Amino acid sequence: MRYALYFTPSASDPLTLSAQRWLGRNAFTGAALEQPSVNGFDAAALAGLTADPRRYGFHATIKAPFSLAEGRSEAELVAEIGRFVSETEPFEIPEIIVGRLGSFFALVPGDDCAPLQGFAGEVVRRFERFRAPLTSADIARRKPDELAATERQNLVQWGYPYVFDEFRFHMTLTGRVPADRRDAVEGVLLDQFADFHGRPLAVHGLALFREQSRGADFTVHSLFPLGGAANRKTA
């Protein structure tokens, strides 16, 4: 079993509802959903385009998936998340946009957001003691030879290449998109997410996701409101 600390809006948030329909799965319940009809993409093509992010559920990675360190328990992890969120105030990303990172598309901040970077870095540090070291196979899957030196160091030290200065908030919407299809995919996403593109995004919680076994779909274990404003919501 693996765990991950992600950001996702609440189960009833309009962005969650739109994104989970686009991806074809509700990460709160694990239920498969019918994807929208999209001009230029048949059902099989859209399912293939979204296969990778569908398994993980709609989210932004804050602390990447990890196995629990020896001697640590799920109950201890849950308790520590509760303490962390009670000490952390919600904040807002001023603008999110449909953007491309390399060969895939995601919702990303329109500009730098210092509170977001600080929040993400603190989560990585605070929960490091719960993470079991990566195996050699885990490291190999990350293709370290293709990473920059800082990214390789982060992978070994923190279990994920993209932390601290390398962190880029993104809520993934596609897998890899061939270069000749990127303009078409971007147009579709701008249409599908028109209600959210160019608008602020409130970060008011931290979610614990769980993968029951390697390769299984990730689902929401619990959603913890920042600032202790409400009781923890369990999926």
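Thresholds applied
- Residues numbered from 1 in each chain as written.
- Predicted model: local features only at pLDDT ≥ 70, side-chain atom pairs only at ≥ 80, totals over all residues.
- Heavy atoms only, no water.
- Helix = DSSP H or I, 4+ residues; strand = E, 2+ residues; numbered from the N terminus.
- Polar contact = N/O pair within 3.5 Å; in protein donor to acceptor, adjacent residues only side chain to side chain.
- Contact = heavy atoms within 4.5 Å.
- Phe/Tyr/Trp six-rings, centres within 6.5 Å; stacked < 30°, edge-to-face > 60°.
- Buried < 20%, exposed > 50% of the residue type's maximum accessible area, 1.4 Å probe, protein only.
- Lys NZ or Arg CZ within 6 Å of the ring centre and 35° of its normal.

Student: Please give an account of the side chain of Asn 26 that cites residues and values.
Tutor: Mapped onto the elements of the fold, Asn 26 is located in the loop between α1 (14–23) and α2 (43–49). A polar contact is formed between the side chain of Asn 26 and the backbone nitrogen of Phe 28, at a distance of 2.8 Å. In this structure, Asn 26 is in contact with Gln 20, Ala 31 and Leu 33, ignoring residues within four places of it in sequence.

Student: Any details on the environment of Glu 34? Residues and values, ideally.
Tutor: Within the element layout of this structure, Glu 34 appears in the loop between α1 and α2. Once the C-alpha coordinates of Glu 34 and Asp 191 are considered, the two residues, 157 residues apart in sequence, prove to be 18 Å apart.

Student: I'd like to hear about the environment of Glu 89, residue by residue, with values.
Tutor: In this fold, Glu 89 is placed in the loop between α4 (74–86) and β3 (91–101). Expressed as a C-alpha distance, the spacing of Glu 89 and Asp 52, which sit 37 residues apart in the sequence, is 32 Å. Contacts of Glu 89, omitting those with residues within four sequence positions, involve Leu 226 and Gly 227.

Student: Pulling in residues and values, what's your account of the packing of aromatic side chains?
Tutor: Scanning the model with the defined rule gives twelve aromatic pairs in all. On the basis of an interplanar angle of 45° and a centroid distance of 6.2 Å, the ring pair of Phe 7 and Phe 169 is categorised as tilted. Taken as a pair, Phe 7 in strand β1 (residues 2–7) and Phe 169 in the loop between α7 (149–158) and β5 (171–172) lie far apart in primary sequence, 162 residues in all. In this structure, Phe 7 and Phe 169 share a single accessibility class: buried. Ring geometry for Trp 22 versus Phe 193: centroids 6.4 Å apart, planes at 80°, classification edge-to-face. Of this pair, Trp 22 sits in helix α1 while Phe 193 is found in the loop between α8 (182–192) and β6 (199–203), placing the two residues 171 residues apart along the sequence. For Trp 22, a relative accessible area of 1% corresponds to the buried category. Counting every residue linked through ring pairs, the aromatic cluster contains Phe 84, Phe 91, Phe 119, Phe 127 and Phe 130. For the cation-ring pair, Arg 55 lies above Tyr 56, with the distance from its terminal atom to the ring centre recorded as 4.5 Å.

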